[in-house]
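Topology and contacts: notes
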Amino acid sequence: MTTTHPSGFLASGVTAGLKTSGGQDLALVVNNGPTFDSATVFTSNRCKANPVLWSQEVVKDGVVRAVVLNSGGANCYTGPEGFQTTHAVAERVADHLGIGAIDVVVCSTGLIGLANPRELLLDGVDAAHGALSDSGGADAAAAIMTTDTVSKTVVVEGAGWSIGGMAKGAGMLAPQLATMLIVLTTDAVVPAEDLDTALRAATRVSFDRLDSDGCMSTNDTVTIMASGASGITPTLTDFTDALVQACTDLAMQLLKDAEGADHEIAITVLNAASEDDAVEVGRSIARSNLFKAAVFGKDPNWGRVLASIGTTSAAFDPADLDVAMNGVWVCRSSTPAEDPAKVDLSGREVSVTVDLKSGEHRATVWTNDLTHAYVHENSAYSS
């Protein structure tokens, strides 16, 4: 039941008429308390959509009572009228719930520059409120899909408390945070300050390391709400561990549904001088179209890995790098080693391991290959 698995939450997903397909396109998740603590992180893209601009103000006091989300249009670069639409949607949700609009996070996803019809949205909010239930999480997860082929949901159980979540995203998966909308819920008692600490720790090692195509969205939002309905206060460490598990699970679901992908690639950088160095190297490889195209062609071209490492500012000796692909060390000390023909790239899962021999830190960045299907889908996205 995803977001409605933890106690204290209601959700729904309805058809508001925003999608030409006629599918569900508006979701509502409501926290019934007794507590209303929250934390949110947003895209670091300086070009932000109207819902992000609105929601950045909403979350400042650490209180969120509801999240309303629509697919079918990003409401980004739609002028003052677009911002007023976001405000009107928050007001309509607030009116139904008897709360202030300043406690309603608004999220939108879809084509940039497309003005969402306000009346359709408001009517959709009315329908979503009427459809709220403690088993509505699956409908909510379906309603936020765009180019997703499947909905993404997760539940992680704690000791008498739980975390639930839903996600959308299948393209523009790059930090921070990936083109995604994420709503997480928990019935644990967790103050807003601790939620913020845990959420930032979790996104740092999950969504922020998902780098599908190097493109950063204008609408990314990850929100967690805590109802406190279980009456149980976990330690911050226990809660953070569970949240990392939930966010990593959702991130891997996003990766598996990346547009047109044939391979999911885990790039692990070992023995770096710092974690930042490890992430920089992993991200450089993940963003190499040459490398990604080679994986699509099932070509273990480790030279493209070395070339990507060389573009970074990380500490390493260019003459002493090791690279393995699917466990085969094809490069040792920056020279050919095992026969690349031993590397089997026929399966979907691909691992790349890089040893920088410069320290004790490590990190993993996830990406996917570059396929004909990805190019086709994104060439026709707005048409």
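Residues numbered from 1 in each chain as written. Predicted model: local features only at pLDDT ≥ 70, side-chain atom pairs only at ≥ 80, totals over all residues. Heavy atoms only, no water.

In this structure, Thr 353 sits in strand β14 (residues 349–355). Apart from the residues within four sequence positions on either side, Thr 353 is in contact with Thr 268, Leu 270, Asp 322, Val 323, Ala 324 and Trp 329. (Helix = DSSP H or I, 4+ residues; strand = E, 2+ residues; numbered from the N terminus. Contact = heavy atoms within 4.5 Å.)

In this section: the nonpolar core. In this structure, Leu 26, Leu 28, Val 67, Val 68, Leu 69, Val 104 and Met 166 are the most contacted members of the largest nonpolar core, which totals 44 residues. In this view, Val 67 contacts Ala 27, Leu 28, Val 29, Val 105, Cys 107, Val 183, Thr 223 and Met 225; residues no more than four positions away in its chain are not counted. (Core = buried A, V, L, I, M, F, W, Y, C linked by side-chain atoms within 4.5 Å. Buried < 20%, exposed > 50% of the residue type's maximum accessible area, 1.4 Å probe, protein only.)

So, about helix α5 (residues 192–204). An α-helix turns once every 3.6 residues. As a result, residues three or four positions apart point the same way. Under the 1.5 Å per step criterion, the end-to-end length of α5 is 18 Å for 13 residues, consistent within 8% with the ideal 18 Å. Tucked into the core, α5 has its buried residues touching β3 (37–42), β8 (181–186), β9 (221–226) and α6 (236–256). (Expected span 1.5 Å × (residues − 1).)

Within β8, six of the six residues are buried, leaving the element largely enclosed by the surrounding structure. Across the two faces of β8 the burial is the same, with Leu 181, Val 183 and Thr 185 and Ile 182, Leu 184 and Thr 186 all buried. In the sheet, strand β7 (residues 162–168) pairs with β8 via six bridges, with the strands oriented antiparallel. Across the sheet, residue Gly 165 finds its bridge partner in β8, namely Leu 184. Looking at chain direction, β8 and β9 are connected through six bridges and run parallel. Each bridged residue has a counterpart across the sheet, and for Val 183 the counterpart in β9 is Thr 223. (Pairing = 2+ DSSP bridges.)

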